[in-house]
Amino acid sequence: MRLRYLSPVLVAVLVLASSPAQARSRPEVLPTLQRNLVAYYDFEHPAADDAARERDQGRSGTDITLINGGADMRVQDGAYRGSTHSIQLQQVNPTVAGNDDWKAGVYSETGVPTLHAFNGVRGATVMGWFKMTGQNPSPNSNSADPSDFYGAIGLAGVLTGTSQGHDVRALLELITVNGELRVVALGRRVDGSSSQTFAARDPWQTVLPQDRWVFLAASFDFDNATMRLYRNGRPLDGFYTLAGDPWGVEGPPEPDVTSPSDPRGIKIGGSYPQNTRENNPCNCRMDGLMFLDRVVSPAEVHAQYELTTRR
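Calculation rules
- Residues numbered from 1 in each chain as written.
- Predicted model: local features only at pLDDT ≥ 70, side-chain atom pairs only at ≥ 80, totals over all residues.
- Heavy atoms only, no water.
- Helix = DSSP H or I, 4+ residues; strand = E, 2+ residues; numbered from the N terminus.
- Rg over C-alpha atoms; globule rule 2.2 N^0.38 Å.
- Buried < 20%, exposed > 50% of the residue type's maximum accessible area, 1.4 Å probe, protein only.
- Contact = heavy atoms within 4.5 Å.
- Areas by Shrake-Rupley, 256 points an atom, 1.4 Å probe, with all protein chains shown as cover.
- Pairing = 2+ DSSP bridges.
- Salt bridge = Lys/Arg side-chain N within 4 Å of Asp/Glu carboxyl O.
- Disulfide = S-S within 2.5 Å.
- Expected span 1.5 Å × (residues − 1).

S.K.: Please clarify how the overall build of the protein should be interpreted in this entry.
M.R.: Per the secondary structure count, the protein includes five helices and 18 strands. For 311 residues, the compact-globule formula gives about 19 Å, and the C-alpha radius of gyration of the protein, at 18 Å, lands near that figure. A principal-axis box enclosing the C-alpha atoms of the protein has dimensions of 65 × 50 × 40 Å. Burial statistics for the protein: of 311 residues in total, 57% are counted as buried. For the protein, the proportion of contacts with a sequence separation of at least 24, taken over those separated by at least 6, is 68%. Summed over all atoms, the accessible surface of the protein reaches about 13000 Å², with 49% contributed by carbon and sulfur.

S.K.: I tried to follow the pairing of strand 6 (residues 86-89) on my own but got confused; where do I start?
M.R.: On a regular strand, each side chain points to the face opposite its neighbour's, so the side chains alternate between the two faces of the sheet. With two bridges joining them, strand 5 (residues 74-75) and strand 6 adopt antiparallel strand pairing. Bridged to Val75 within strand 6 is Ser86. Relative to strand 18 (residues 284-292), strand 6 runs antiparallel, the two being bridged by three bridges. If you follow Ile87 over to strand 18, its bridge partner there is Met286.

S.K.: What should I look at first to understand the pattern of salt bridges in this one?
M.R.: One side chain can pair with another of opposite charge once the charged atoms of both are near each other. Scanning the entire structure with this criterion turns up 13 salt bridges. For Glu180, the salt bridge goes to Arg182, with nearest N and O atoms at 3.5 Å. A relative accessible area of 46% places Glu180 in the partly exposed class. Note on Arg182: relative accessible area 13%, which makes it buried. The shortest N-O distance in the salt bridge between Glu300 and Arg294 comes to 2.8 Å. The class for Arg294 is partly exposed, based on a relative accessible area of 21%.

S.K.: Can you walk me through the state of the cysteines in this structure?
M.R.: Defined simply, a disulfide is a covalent bond joining two cysteines at their sulfur atoms. For the coordinates displayed, the defined rule picks out one disulfide. Residue pairing for Cys282: its cysteine sulfur links by disulfide to Cys284, the two sulfurs lying 2.2 Å apart. Negative torsions about the S-S bond denote left-handed disulfides, and the value of about 140 degrees found for Cys282 with Cys284 makes this one right-handed. Accessibility classification places Cys282 together with Cys284 in one group, the buried group.

S.K.: Could you clarify how one ought to interpret the side chain of Ser195 in this entry?
M.R.: Relative to the helices and strands, Ser195 is located in strand 12 (residues 195-200). Once you skip the residues sitting within four places of it in the chain, Ser195 turns out to touch Leu186, Gly187, Arg188, Leu242, Pro246 and Trp247.

S.K.: Got a minute to help me understand helix 5 (residues 298-309) in this structure?
M.R.: One turn of an α-helix holds 3.6 residues; hence residues three or four places apart share an orientation. For helix 5, spanning twelve residues, the distance from its first C-alpha to its last is 17 Å, which sits close to the expected 16 Å at 1.5 Å a residue. Among the residues making up helix 5, those that are buried are Glu300, Val301, Ala303, Gln304, Tyr305, Leu307 and Thr308.

Here it is as structure tokens:
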């Protein structure tokens, strides 16, 4: 049988069998992705000295903090074959203007050096498993109006190099587009400049039904100004929210890359991983979060999904 007729999953298995120990140590990650896997969180690896920190299983060693809930945020509800734990994110006090929501991430005003792979990069991908477990979106705890709800639900993303804890370079999220909440990929090539949003056409409740694990992926091609969304390994039909050239890629120089700055961190389940403000909390669980410094191909997204779900 010629190799071009092998399925992506079978190719992955064959590569694993002949790969070095580093690849075999992460059998749930497609071998072709491991080199570009900057950060990876499976929520099976608390730090030995602090259970409120999660050890990065990617190549960068960027550990994250489980904010406000600590070790209690790890729950026994694995999303995929071989997983036993995931992380619970949630709003704690909807009527209190505080910052006690359960979220996760890392933040530094001077940039996070271990995330240097996203400095001046041509592409990025964010992937992971998500399960909605409560009311979404959440009541806006920063508003005195009890009928006011947040206009977004935070999933996972990489911050810009000038971020205050909210602005992102590459993000999977649910935001309000033309009056409707939608699953989106949101990217920003130049720090402090315009972002672009690629929104799924399907209703968000169809993409992320309650109490069901779903594998989502978003890719960001900063050189060609394109983004893609995937659900359970298959592309999602969608549309861009801004016309023109919001990323400023037209004309020289080439190639087009992100700003030459280290991201200020990663946010998971809401903004402000430095825990100064509650914003866009997610009543949900997440597992197997992957942050890569290149555009992952459609075949690889499908193969990664199949690799973790085949029996």
